Amino acid sequence: MSKAIVVAERDNIAAVIEDGKVCEFYVHRGDMLLNDVYLATVDNILPSIDAAFVNVGYDKMGFLHAHDAIGKGTLKEKLSPKQKIIVQVVKEPVGHKGPRVSTMISLPGRFLVLMPQETGINVSRKIVNQKERARLKSIISLLKPVGIGVIVRTEAEGQSDADIQEDMEILLEKWNTIVTAAETRPAPSLLYRDQDLLYRVMREACSEDVDEIILDTSYGVHRTQQILQNWNMNKNIDVNVYKGSETLLVASGIVKEIKAALQTKVNLPSGGYLFIQTTEALTVIDVNSGKFVSSTTQDETIVKTNLEAVHEIARQLRLRNIGGMVIVDFIDMNNRRDKLAIMEELEIALDKDKAKPQVGQLSDLGLVELTRHRQGQSLSEIFGKKCPHCQGTGYIADDLNFSAPVAEGEIKAKAAKLKIPAQQIKNKTPNYKQNKVFNNPNNNPLLENEQNNNNNNNQNQSNQQNQQNNQFNQQRKNFNKFNNRNNQPKAEQQEQTTIQNENKVIEEEIKEDIKIVQEQLPIVEETTVDKEKIEEIFTRAFIK
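Since the structure is predicted, the reported quantities are computational estimates derived from the model, not experimental observations. (Residues numbered from 1 in each chain as written. Predicted model: local features only at pLDDT ≥ 70, side-chain atom pairs only at ≥ 80, totals over all residues. Heavy atoms only, no water.)

Considerations on the pairing of strand S20 (residues 358-362)
Here S20 runs beside strand S21 (residues 367-372); their pairing, made up of three bridges, is antiparallel. If you follow Leu362 over to S21, its bridge partner there is Val368. (Pairing = 2+ DSSP bridges. Helix = DSSP H or I, 4+ residues; strand = E, 2+ residues; numbered from the N terminus.)

With respect to helix H5 (residues 218-230)
An ideal rise of 1.5 Å per residue puts 18 Å on 13 residues; H5 measures up with 19 Å between its terminal C-alpha atoms. Among the residues of H5, those classed as buried are Gly220, Val221, Arg223, Thr224, Ile227 and Leu228. In a view along the axis of H5, the buried residues occupy a sector of 165 degrees, so they form one face of it. Counted as exposed and oriented over 90 degrees from the buried face of H5: Ser218, Tyr219, Gln229 and Asn230. Residues of H5 that are buried in the fold lie against helix H4 (197-205), strand S14 (212-215) and strand S15 (238-241). Downstream of H5 by one or two residues, Asn232 has phi in the positive range, about 60 degrees. (Expected span 1.5 Å × (residues − 1). Buried < 20%, exposed > 50% of the residue type's maximum accessible area, 1.4 Å probe, protein only. Arc of directions from axis to C-beta. Contact = heavy atoms within 4.5 Å.)

Looking at helix H2 (residues 130-143)
Helix length check: H2 (14 residues) gives 20 Å between terminal C-alpha atoms against 20 Å at 1.5 Å per residue, within 8%. Among all positions in H2, only Glu132, Arg133, Leu136, Ile139 and Ile140 are buried. One side of H2 holds all its buried residues, which, seen down the axis, span an arc of 130 degrees. Of the exposed residues in H2, the ones pointing more than 90 degrees away from its buried face are Gln130, Lys131 and Leu142. Of the surrounding elements, those touching the buried residues of H2 are strand S10 (112-115), strand S11 (121-123), strand S12 (149-152) and helix H3 (161-184). Where H2 begins, the side chain of Asn129 points an oxygen toward the backbone nitrogen of Lys131, at a separation of 3.0 Å. (Polar contact = N/O pair within 3.5 Å; in protein donor to acceptor, adjacent residues only side chain to side chain.)

Section: the pattern of salt bridges
Per the counting criterion, the structure on display carries 14 salt bridges. The residue Asp161 makes a salt bridge to Arg135 at a minimum N-O spacing of 3.2 Å. A residue pair is termed long-range when its members are at least 10 positions apart, and Asp161 in helix H3 and Arg135 in helix H2 qualify at 26 residues. Across the salt bridge formed by Lys304 and Glu300, the nearest N and O atoms sit 3.0 Å from each other. Highlighted residues: Lys304 and Glu300, both in helix H8 (residues 298-320), separated by four residues, approximately one helical turn. Among the residues examined, Lys304 registers a relative accessible area of 37% and is labelled partly exposed. Accessibility expressed as a relative area gives 28% for Glu300, which makes it partly exposed. Linked through salt bridges whose partners overlap, the residues forming this network are Arg153, Glu155, Arg203 and Glu204. (Salt bridge = Lys/Arg side-chain N within 4 Å of Asp/Glu carboxyl O.)

Overview of the sheet that holds S21
Pairing is mixed across the open sheet formed by six strands, whose spatial order is S16-S17-S18-S19-S21-S20. Only two strands of the sheet have a single neighbouring strand rather than two, namely strand S16 (265-267) and S20. Between one strand axis and the next, the sheet turns by 20 degrees as a mean value, whatever way the strands run. When strand S18 (residues 282-288) meets strand S19 (residues 324-329), the two strands line up parallel, connected through five bridges. (Axes fitted to C-alpha atoms, helices over the stretch in contact; angles between N-to-C directions.)

Some remarks on the packing of H8 against helix H9 (residues 336-349)
Across the interface, H8 lies against H9 with an axial gap of 9 Å and an inter-helix angle of 20 degrees. On the basis of their axis angle, the class for H8 and H9 is roughly parallel. Between H8 and H9 lies a crossing of right-handed hand. Across from Val303, Asn306, Leu307, Val310, His311 and Ala314 in H8, the residues of H9 making contact are Asp338, Ile342, Glu345, Leu346 and Ala349. (Parallel < 35°, antiparallel > 145°, perpendicular 65-115°, else oblique. Left-handed = near helix turned anticlockwise from the far one by under 90°.)

Focus on the sheet that holds S10
Reading across from one edge, S9-S10-S12-S11 is the order of the four strands in this open sheet, with mixed pairing throughout. On the outer flanks of this sheet lie strand S9 (107-108) and S11, each paired with one strand and no other. Bridge count for S11 against S12 is three bridges, and the pairing is parallel. Of the residues in S12, the one forming a bridge with Ile121 is Val150. Against the sheet, H3 engages S9, S10 and S12, with an angle of about 30 degrees to S10.

Details of a positive patch on the surface
On the surface, a cluster of positive charge is contributed by Arg125, Lys126, Lys354 and Lys356. Here Arg125 shows up in the loop between S11 and H2. (Patch = residues over 30% accessible without salt bridge, like charges linked within 9 Å, V, L, I, M, F, W, Y side chains within 5 Å. Areas by Shrake-Rupley, 256 points an atom, 1.4 Å probe, with all protein chains shown as cover. Lys, Arg positive; Asp, Glu negative; His and termini not counted. Charge placed at Lys NZ, Arg CZ, Asp CG, Glu CD.)

Quick word on the nonpolar core
Among soluble globular proteins, nonpolar side chains are generally buried collectively. Judged by nonpolar contacts, the single largest core of 27 residues is most densely connected at Leu107, Leu112, Leu114, Ile140 and Val152. At the level of secondary structure, the elements contributing two or more residues to this core comprise strand S4 (37-46), S10, S11, H2, S12, H3 and strand S13 (189-192). For this core, the leading source of residues is H3, giving eight residues. Residues Ile276, Leu317, Ile331 and Leu350 belong to the second largest nonpolar core, which totals 25 residues. (Core = buried A, V, L, I, M, F, W, Y, C linked by side-chain atoms within 4.5 Å.)

Describing the packing of aromatic side chains
Going through the model one piece at a time under the given rule, you end up with three aromatic pairs. Consider the rings of Tyr199 and Trp231, whose centres lie 6.2 Å apart with planes at 65 degrees: the pair is edge-to-face. Of this pair, Tyr199 sits in helix H4 while Trp231 sits in the loop between H5 and S15, placing them 32 residues apart in sequence. Judged by its relative accessible area of 18%, Tyr199 falls in the buried class. Taking the ring centre of Tyr273 as reference, the NZ or CZ of Lys265 above it sits at 4.6 Å. (Phe/Tyr/Trp six-rings, centres within 6.5 Å; stacked < 30°, edge-to-face > 60°. Lys NZ or Arg CZ within 6 Å of the ring centre and 35° of its normal.)

Some thoughts on unusual backbone geometry
In this structure, the amide linkage connecting Ala187 to the following residue, Pro188, adopts the cis form with an omega of 0 degrees. Along the chain, the position of Pro188 falls in the loop between H3 and S13. Positive phi, normally seen in glycine, also occurs at Asn35, with a value near 75 degrees. For Asn35, the location among the structural elements is in the loop between strand S3 (21-27) and S4. Overall, the relative accessible area of 22% leaves Asn35 in the partly exposed class. Even without being glycine, Asp50 reaches a positive phi, approximately 55 degrees. Relative to the assigned elements, Asp50 resides in the loop between S4 and strand S5 (51-55).

Given below as structure tokens:
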């Protein structure tokens, strides 16, 4: 397996590439970073939630739970208002939430982790050789001061006594610097920040299996070579400086991987895909077969898709730095042997993750619950922000043009009286103007623009009424003309046929006039014309 590290110091972004795929990002951005140590003051103690809020000099208060405060007794016995305490950021601020802090300080080194407020020696579980565990414990017992705890990291396995002693001295010097700064600086203030990006990446990601390290500055190359020489690792690792015309992140494909990691859909090699969606409480991963149809049976297709999904899920958890509760919805499998194979493969794939995910059982519905330790902000929290229109929901409410019961009843009664469909009256009455409650901008924020239109309608109302009166006067003239023609004397038999033909033409005109009046009925109600009288005149004329 080939492994490379790309460090862009100018952008404070680094990436670990395994077999040509980016599997992990390191980003140094923000005013408050993980593992920062602050001198804070206690602002408020809340026994109801068994926590306290401390002022760390940030725009939001730090959250300190009782379990994260050293000492015995209740939280009020441990802390008092306005008290100065040394805290460390264990969770960076996200959205409207402030940082979560702890008084249990931990200073990570290359081989050791110093715990000043604790006692005892703990060795990493990944070191399984009992003789090596005993050797490391004996070395630490001779080196560490009394009253300070130490955790031996996996990287310490096989290291010499001098290297471990050097790492211990560096960590003790850091802690003495923090204590001295806390005595001299005012609260709140920053006491200590973890090493810069290059040193952090070298400490966390650089190991014997790394083949190449690429940087974008000559000074970074010089520092990297010094670090590798001090760690006796400069023999098999190539350190190069990038000299291309494009930026290092673009040339190495890091920018493309960041954009892909911000998408919800992740394609699998055989045509399947994952949907990854993060909410306030948890992250949901849905596995779909998609276009994967190359297998001979359905069960074989499901198993292959789930196996591909297992490895991609393990990569995406590290890549996106997803923490907290994660629910994985695999494709349903009927065979128990297939279920066990998927769970075993998932455990193996997550074994490389330093966040130590804890995997639950596979339920009957094909769901797997797992938790992953939060390590700073996720990739979406660093490079993304909520949409100003939908506020992160992904949906925008449509215009809600509802009709009140009163207006709906009027429309139905009018349609029954005229014996026409109610929808025809609704179409001729835009947005149901009769509804005085819903169309009030003070009651309905969706109709703020309607108020401007109503002002223009009020100005033209008098002109509309005059036009309507002229239309009905013209209708009356047509009725009079019809009655006069029907009352003419019929002296000769030969003129009777002609009169009948004229009557048919007039009847067609009357039908058209009635249709016009029916369309204008919603407007007639707002005028002084007697609608009932007009309907009676039209009915008598039509019968004749």
